[in-house]
Amino acid sequence: MVNTAIYSLNCYNYSPVSYNLHRQNYSPANYRILHRLKEEDMFKDIRRNDRKLPLEEGKRILEEGLYGVLSTVGEDGYPYGVPVNYVFDDYRLYFHCAPCGSKIDNLLFNSKVSFCVVGRAEILPEEFSTSYSSVVVFGIASLVEEPSEKLMVLERLIGKYAPDFAEEGRKESEESLSSTLIVRVDIQHITTKGREVK
């Protein structure tokens, strides 16, 4: 069993007490080897193969999406989905969050997450259906500790959501770097599906 990270957290700061979970050399492949599990043992195939889209389309949706819904599980057993701004970097997702609240509590309880982004959606009333494209990823969340990686993420977020304020954003990022909480999701599995308009 992989050790979990134990953190002392409050609304104003956080300090790692133990950081044994998913260090910088973590990779989804290593995780599967460690647990001696194959991907097909961990994740189900899409039921409708005719709706399955290429992996590259899923990566494109992740690149272009304005927000995604992060799903976690809490200690009470309830699932919790919340929309977040994010950046996608190869097979990693990043977002920032407050150091207290349901999202971070759930991530510290269970680091396994899913993340959904809808690329497009068009209602087809005459067909009682919808034309759409979407991607769902599954991965392992961890807190980013390396300052250079945190700064890279903040600069990517500014470039995506506030490109006209890059200089101001970088200054703000550098000043708040130590108190900013950044979460990384190392992606293990991606499913992409959709329905084209005929």
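Residues numbered from 1 in each chain as written. Predicted model: local features only at pLDDT ≥ 70, side-chain atom pairs only at ≥ 80, totals over all residues. Heavy atoms only, no water.

1. A word on the sheet that holds strand 7 (residues 112-124)
Argument step 1. The sheet built from 7 strands is open, its strands ordered 4-3-7-8-9-6-5 with antiparallel pairing. Pairing within the sheet leaves two strands with one partner each, and these edge strands are strand 4 (79-84) and strand 5 (87-89). Here the strands of the sheet are splayed against their neighbours by 30 degrees on average, with no regard to which way each runs.
Argument step 2. Helix 3 (residues 55-64) contacts strand 5, strand 6 (92-97), strand 7, strand 8 (129-143) and strand 9 (181-195) of the sheet and is inclined by roughly 75 degrees relative to strand 8. (Pairing = 2+ DSSP bridges. Helix = DSSP H or I, 4+ residues; strand = E, 2+ residues; numbered from the N terminus. Axes fitted to C-alpha atoms, helices over the stretch in contact; angles between N-to-C directions. Contact = heavy atoms within 4.5 Å.)

2. Looking at the nonpolar core
Argument step 1. In terms of nonpolar packing, the biggest core is built from 24 residues, with Leu93, Phe95, Phe115 and Val137 touching the most fellow members.
Argument step 2. Contributing elements (two or more residues each) for this core: helix 3, strand 4, strand 6, helix 4 (102-109), strand 7, strand 8 and strand 9.
Argument step 3. For this core, the element with the highest residue contribution is strand 9, accounting for 5 residues.
Argument step 4. Ignoring sequence-local partners within four residues, the contact set of Val137 consists of Leu62, Leu93, Val113, Ser114, Phe115, Ile187, His189 and Ile190.
Argument step 5. In terms of nonpolar packing, the next biggest core, distinct from the first, is built from 9 residues, Val87, Tyr94, Leu154 and Leu157 among them. (Core = buried A, V, L, I, M, F, W, Y, C linked by side-chain atoms within 4.5 Å. Buried < 20%, exposed > 50% of the residue type's maximum accessible area, 1.4 Å probe, protein only.)

3. Concerning the pairing of strand 3 (residues 68-73)
Argument step 1. Side chains Gly68, Leu70 and Thr72 of strand 3 all project onto a buried face; the interleaved residues Val69, Ser71 and Val73 project onto a face where none is buried.
Argument step 2. Note: strand 3 against strand 4, 6 bridges, orientation antiparallel. Residue Thr72 lies in a different strand from strand 4, and its bridge partner there is Tyr80.
Argument step 3. Between strand 3 and strand 4, which pair antiparallel one after the other, the connecting turn spans 5 residues, and Gly77 there sits at a positive phi close to 90 degrees.
Argument step 4. Relative to strand 7, strand 3 runs antiparallel, the two being bridged by 3 bridges. Within strand 7, the position partnered with Val69 by the bridge is Cys116.

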